[in-house]
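Here is what each chain is made of, one letter per residue.
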Amino acid sequence: MVIVSTISYPPESAQDIAKRFLEAPQLPDFMTRKGPYINSTLNDGITTLSVYELDKSKLGEGYEFIGNYLAIFFGVPGFKYEIKPFLDVEEGLKMIGMG
């Protein structure tokens, strides 16, 4: 399974975000990250997307790590975030009794 996190912030907060990112804790051994991938638009500012891969049995620990990780950005003007779990197709099919 994966957990997807997105953060957004205005361009004027980019340096503060970057400084905090460089000081962020390392990932635990039970998860891997793809990204962060960065996008910028005039309307939405800067958006960063990260995909964390982990075993379903570690979901609680994964959420806790990502929540604590994103907390390092609290206080940055305009910072917003979202964390969402996504199941793979096999896991999704099991949830509806088809796997």
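Refer to the structure above for everything that follows.
Here we summarise the structure given alongside this text.

Scoring rules and cut-offs
Along every chain, residues carry numbers that run from 1 in the direction the sequence is written. Totals for whole chains, interfaces and linings use all residues, but because this is a predicted model, local features are given only for residues with pLDDT of at least 70 and pairs of side-chain atoms are given and counted only at 80 or more. Water and hydrogen atoms play no part in the side-chain values, which are based on all heavy atoms of the structure. Computed over the protein atoms alone on a 1 Å grid, cavities are sets of points where a 1.4 Å probe fits but cannot get out and pockets are open sets with protein on both sides within 12 Å along at least five of seven lines; a residue lines them when it has an atom within 4 Å of a point. Grid points are joined across faces, edges and corners, and a volume is the space filled by probe spheres set on the points. The secondary structure listing takes helices from DSSP runs of H or I that are at least 4 residues long and strands from runs of E that are at least 2 residues long, numbered from the N terminus. All residues other than Ala, Val, Leu, Ile, Met, Phe, Trp, Tyr, Cys, Pro, Asp, Glu, Lys and Arg, Gly among them, are scored as polar; the first ten of these are nonpolar and the last four charged. Buried Ala, Val, Leu, Ile, Met, Phe, Trp, Tyr and Cys residues form a nonpolar core when they are joined through side-chain atoms within 4.5 Å. For the exposure calls, accessible area comes from a 1.4 Å probe over protein chains only, and a residue counts as buried if that area is under 20% of its type's maximum, exposed if over 50%, partly exposed in between. Exposure above 30% relative accessible area and no salt bridge define the residues that can form patches, which grow by joining like charges within 9 Å and nonpolar side chains of Val, Leu, Ile, Met, Phe, Trp and Tyr within 5 Å. The Shrake-Rupley method, run with a 1.4 Å probe sphere, supplies the accessible areas, and residue values consider only the shown protein chains as cover. By definition here, a salt bridge exists when the distance from a side-chain nitrogen of Lys or Arg to a carboxyl oxygen of Asp or Glu is within 4 Å. A pair of Phe, Tyr and Trp rings is counted when the ring centres sit within 6.5 Å of each other, with Trp represented by its six-membered ring. The angle between the planes then sorts it: under 30 degrees is stacked, over 60 is edge-to-face, the rest tilted. Working rule: Lys NZ or Arg CZ, within 6 Å of ring centre, within 35 degrees of ring normal, means a charge sits over the ring.

## Concerning the layout of surface pockets
By volume, the largest pocket amounts to about 230 Å³. What lines the largest pocket is a set of 17 residues, and nearest its centre among them are Ile-7, Ile-17, Phe-21, Pro-36 and Thr-48. Of all elements in the fold, only β1 (2-9), α1 (14-22), β2 (31-41), β3 (45-54) and α2 (59-71) reach the threshold of two or more residues within the lining of the largest pocket. Across the lining of the largest pocket, the residue classes tally to 13 nonpolar, three polar and one charged.

## Overview of the nonpolar core
Formed by 18 residues in total, the largest nonpolar core has its most connected members in Ile-66, Tyr-69 and Leu-70. At the level of elements, β1, β3 and α2 are the ones that each hand at least two residues to this core.

## Quick word on a nonpolar patch on the surface
Together, Leu-87, Val-89, Leu-93, Met-95, Ile-96 and Met-98 line one region of the surface with nonpolar side chains, adding up to about 650 Å² of accessible area. Inspection of the secondary structure puts Ile-96 in the segment after α3 (89-95).

## As for the packing of aromatic side chains
A full pass over the atoms with the stated rule returns six aromatic pairs. Here Tyr-69 and Phe-73 contribute two aromatic rings whose centre-to-centre distance is 6.0 Å and whose plane-to-plane angle is 75°, an arrangement assigned as edge-to-face. The pair formed by Tyr-69 and Phe-73 is uniform in burial state, with each residue classed as buried. Plain terms: the ring middles of Phe-74 and Phe-79 are 6.3 Å apart, the flat faces sit at 50° to each other, and that makes the pair tilted. In this structure Phe-74 comes out as partly exposed when scored by relative accessible area, which is 45%. You can call Phe-79 buried: its relative accessible area is 13%. Members of the aromatic cluster, joined through ring pairs, are Phe-65, Tyr-69, Phe-73, Phe-74, Phe-79 and Tyr-81. Lying across the ring of Phe-30, Lys-58 places its NZ or CZ 5.4 Å from the centre.

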